[in-house]
Structure formats: structure tokens, C-alpha cells
Amino acid sequence: MTLTQPVLDLQLPRVARVDAALTQARSYPHLRYMGSKYRLLPALADTFAQLGGETALDPFTGSGVVSYLLKAQGFHVTSRDYLNFPVTLARASCVNQTTMLTEEDVARISSGENRDGRDFISRTYGGLYFTSGDLAFLDSAWSQIATMEGAQQDLAIASLVLAAARKQPRGVFTVTGLRYDDGRESLHLPLAEQFRRCVEAWNSSVFDGPACQAERGDVKSAEGNWDLVYLDPPYAPPRDDNDYIKRYWFLEGLSDYWQDGTAEIMETTRTKKLAKRATAFGSKRTIGDALAATLDQFSDSSIVLSYGSNAVPDLDTLTGLITDVKGSRPEVITLRHRYHFGTHASATRREAEEYILVAP
Ligand SMILES: C[S@@+](CC[C@H](N)C(=O)[O-])C[C@H]1O[C@@H](n2cnc3c(N)ncnc32)[C@H](O)[C@@H]1O
């Protein structure tokens, strides 16, 4: 297997460098993730290139695609998220510079041989998600992955996570059964085959670039002193809460085998999901103060903040918060954006403006 060449060539003019980084970023495996910025990469790449710098923090990493873009643009990126699986994806794709999974690795993981007889996933989720064959595959695959280390293990877990997300209708785990089955091939492929395809996807994302890091934690415990900080917090809706664990708890559990089978499960729920994780960014009541504190925390860095017009607080408030900590008004880039969440009927409702606020 050959490695992709580093994409950052400082001899190239800036526009060509942005194009090369975007080409690399488009090879990032696609995970359906609420609020992911796959479609906004061109605007973000241009903004990051204009701000420049060497170090960057992405403390709301999510799918990991923006961290990956920053690495492709030559930044030493530190990815963070308060959930474990986004950090694992970032380790596999950004921290990892050269490791790929081999055919032998894939054959071992998908052999069906359950090294230690573990059955937590089959026991807990039988009849709720996937087929019994798929659940047995997850248990046996994990029994093999547990013997791996470092980037090899990260790639294997990233592939399992992506495979599980692609096999679940709409990529979310709020419903059981196949209510949203639209006949798509990816929903019917056995998970072991889906896993194989996802390994290929992660393998081809691997490239040798600037040294990067990934760590799990709440944004408020992140260190300061970065050239650039990209803030992409959850967008608090005017009604209801914005809860990532409610949608993606299965991927979170899968990323560390439900903390080796010890994670707290909400046994009384139909979905047997993981308990909610509190975040001040989840609700309109607390997000204003949380944003103000986060902006203040990174006031020494160039800040790029993503936010949506259908969320709270509004653009005037955000502009005011940034002006307060930076001493001048941010530049505001406004883009029309259609969220891919929701059914076709509600898709129009989800059409909104996406803001990128830039404060050097
Ligand atoms: C809008 S998403 C980020 C999307 C990402 N930029 C992408 O393109 O996929 C927000 C992320 O913030 C994380 N998050 C929520 N509250 C957090 C907190 N207090 N500290 C760190 N991460 C948090 C969520 O787990 C979620 O992954």
C-alpha cells in the first residue's frame, strides 16, 4: 500500500494550496453527523488560509472532518471532544501519520473467532438493532481489536464506528427496528462487509503531515495559546435540547466496548441507550454563558466560530460576545445551508443560514 504524499507544498500559491488541502479533505470518510461541516469546507479552508498560523485547536471535533482539513492545511491540530468516539476518529485520521490496516488485520477482525467469548453487545441489543449475525460480529471483532494498540487499534475502532453508523437508518440510534429503511444497500450489507469497506475508506484517508494530537475532554478544560481556534459548538435550538449522546450513544459505546461492558445503560429505555452527558452547550438556557466563557478562554487566539441562524443566541448577540473579548467586531460570512437531517418533508424547514464569524 502506498501512502498519500503530504499535501502542503509551501512553494504553491495560496489558492492552489487551499485547493490541494480541499482535495485531501474530500477523501475523509463520510459519517452522517449532526452539524458536520463537510459542505462548508471550502469557506472554512479559505478562512483558515487567510488567518494562517501553525497551531490549531478544534475543541468540538465531531466527525473530525475539520480537524483533518486543518492538518491538510499544514496546522498542528489538537482535536478535542467531550465524547470518546470523535476523538478516536481524529486519532485514526489526524494523529496517525502512516499506519494502515492490512488485509491480514481485516481478516483477523472479521474472522468471527471470538477470542474471549464476550457477548455484551449481543446480550444487550439483541432484537433492537441489527441482525444477530451483525451483533455477534461486533462482539467477536472487539475481542480481536482489544489485542491491538495505537493507530492500528484506532483505525479498527474508527472502521467499526463508521460501519455501524452506515448500517443504521439515518445514522442515528433514537429508533429501533427498520422504520426508516429506504432500501439503501448500505442498510442491508452484513456489518462485516460494511466494516471491510470502511477500513478501505479510513486507510485511504491516512497521510503524513504535521504532528497532531487528540484528547478527550470538555472545552472548558482545554489549554489556551493557539494560533487558531475553530469553535463549532452544538447549536442550541429555540425549543428542545441539543443532545449528541441521544443520537449517537451506540457509536460512543462501541468506541470503547461500552467501557469494557461497565458503562451505565438506561435499562428502562426502549433503546437501552447510554445516560445523557451534561453540556452547557445543549440548551438555550445555558449556551449564552458557555459561549461567552469559551470566547474569553481563547481570546488570545484567532477565533473562527460556526453558528446557525435557526439557533439561540442570534447573530447580533454572537457578534457582541466576540467584540467584548476581542475588542473589535468579527467579520461575518453567511452561507445558505441545508441540513441533511430530517425527512424530505421537513428538509425545507431545516434550510437555514450558516454563519462563520472570524476574529483574528
Ligand atoms: C456541531 S458538532 C461539531 C461538528 C464538527 N465540526 C464536524 O464537522 O463534524 C459539536 C460537537 O461538540 C461536542 N460537545 C458538546 N459539548 C461539548 C463540550 N462541553 N466540550 C467539548 N465538546 C462538546 C459534541 O459531542 C459534538 O461532537
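Thoughts on unusual backbone geometry
Okay, so step 1: With an omega dihedral of 5°, the bond running from Val312 to Pro313 counts as a cis peptide bond.
Okay, so step 2: Among the secondary structure elements, Pro313 is positioned in the loop between strand E5 (302-308) and helix H14 (315-326).
Okay, so step 3: Backbone geometry at Gln259 places phi at a positive 45°, although glycine is not the residue there.
Okay, so step 4: Inspection of the secondary structure puts Gln259 in helix H12 (residues 257-261).
Okay, so step 5: Of note, Lys272 is a non-glycine position whose phi angle comes to about 55°, a positive value.
Okay, so step 6: If you trace the backbone, Lys272 turns up in the loop between H12 and helix H13 (287-297).

Observations regarding the packing of helix H1 (residues 14-25) against helix H3 (residues 65-72)
In helix packing, the relevant descriptors are the interaxial angle and the interaxial distance, both defined with respect to the helix axes.
Okay, so step 1: Two numbers describe how H1 lies on H3: the axes approach to 9 Å, and their chain directions differ by 140°. Our classification of the angle between H1 and H3 gives oblique. Considering only the axes of H1 and H3, their crossing is right-handed. For the pair H1 and H3, contact is made by Ala21, Leu22, Gln24 and Ala25 and by Val65, Tyr68, Leu69 and Ala72, respectively.
Okay, so step 2: Looking at side-chain class alone, the contact of H1 with H3 contains seven nonpolar, one polar and no charged residues.

Looking at H3
Okay, so step 1: Burial runs high along H3: eight of the eight residues are buried.
Okay, so step 2: Those residues of H3 that fall on the buried side of the exposure criterion are Val65, Val66, Ser67, Tyr68, Leu69, Leu70, Lys71 and Ala72.
Okay, so step 3: Looking at the buried positions of H3, the neighbouring elements they touch are H1, helix H2 (41-51), strand E1 (55-58), strand E2 (76-81), helix H4 (84-95) and strand E4 (228-231).
Okay, so step 4: Directly beyond the C-terminal end of H3, a positive phi value near 95° is found at Gly74.

Some points on the pattern of salt bridges
Okay, so step 1: In total, this model carries 13 salt bridges according to the counting rule given.
Okay, so step 2: Of the charged contacts in the structure, one is a salt bridge between Glu252 and Arg277, with a shortest N-O distance of 3.1 Å. Here the residue Glu252 occupies a position in helix H11 (residues 244-255), and Arg277 occupies one in the loop between H12 and H13, the gap between them amounting to 25 residues.
Okay, so step 3: Under the relative-accessibility criterion, Glu252 is labelled buried at 3%.
Okay, so step 4: Overlapping salt bridges, with partners in common, bring together Lys37, Asp232 and Glu354 in one network.

Some words on the site of the ligand
Okay, so step 1: Close contacts around the ligand come from 23 residues, with Tyr33, Ser63, Asp81, Asp232 and Thr279 the closest.
Okay, so step 2: A distance of 2.6 Å is found between an oxygen atom of the ligand and a side-chain nitrogen or oxygen belonging to Ser63.
Okay, so step 3: Measuring from a nitrogen atom of the ligand, one finds a backbone N or O atom of Val219 at 3.0 Å.
Okay, so step 4: A total of 610 Å² of accessible area belongs to the ligand in isolation, and the protein chains cover 99% of it.
Okay, so step 5: Of the residues that constitute the shell around the ligand, the class distribution is twelve nonpolar, seven polar and four charged.

Details of the pairing of strand E7 (residues 351-359)
Okay, so step 1: Counting buried residues in E7 gives seven out of nine residues, a clear majority hidden from the surface.
Okay, so step 2: For E5 and E7, the ladder comprises six bridges, and the chain directions are antiparallel. When the sheet's bridge partners are listed, Tyr307 is paired in E7 with Tyr355.

Brief notes about the side chain of Thr124
Okay, so step 1: Tracing the sequence through the fold places Thr124 in helix H6 (residues 120-125).
Okay, so step 2: Look at Thr124 and you get buried, because its relative accessible area is 13%.
Okay, so step 3: Here the side chain of Thr124 touches Phe120 through a polar contact of 2.6 Å, landing on its backbone oxygen.
Okay, so step 4: Filtering out sequence-adjacent residues up to four positions away, Thr124 remains in contact with Ile265 and Lys272.

Topic: H13
Okay, so step 1: For H13, every residue scored as buried is listed here: Ile287, Ala290, Leu291, Thr294 and Leu295. Within H13, the buried residues cover an arc of 130° as seen down the axis, which keeps them to one side.
Okay, so step 2: Contact partners of the buried residues in H13: E4, E5 and H14.

What counts, and where the lines are drawn
- Residues numbered from 1 in each chain as written.
- Predicted model: local features only at pLDDT ≥ 70, side-chain atom pairs only at ≥ 80, totals over all residues.
- Heavy atoms only, no water.
- Helix = DSSP H or I, 4+ residues; strand = E, 2+ residues; numbered from the N terminus.
- Axes fitted to C-alpha atoms, helices over the stretch in contact; angles between N-to-C directions.
- Parallel < 35°, antiparallel > 145°, perpendicular 65-115°, else oblique.
- Left-handed = near helix turned anticlockwise from the far one by under 90°.
- Contact = heavy atoms within 4.5 Å.
- Nonpolar A, V, L, I, M, F, W, Y, C, P; charged D, E, K, R; others polar.
- Buried < 20%, exposed > 50% of the residue type's maximum accessible area, 1.4 Å probe, protein only.
- Salt bridge = Lys/Arg side-chain N within 4 Å of Asp/Glu carboxyl O.
- Near = heavy atom within 4 Å.
- Polar contact = N/O pair within 3.5 Å; in protein donor to acceptor, adjacent residues only side chain to side chain.
- Areas by Shrake-Rupley, 256 points an atom, 1.4 Å probe, with all protein chains shown as cover.
- Pairing = 2+ DSSP bridges.
- Arc of directions from axis to C-beta.

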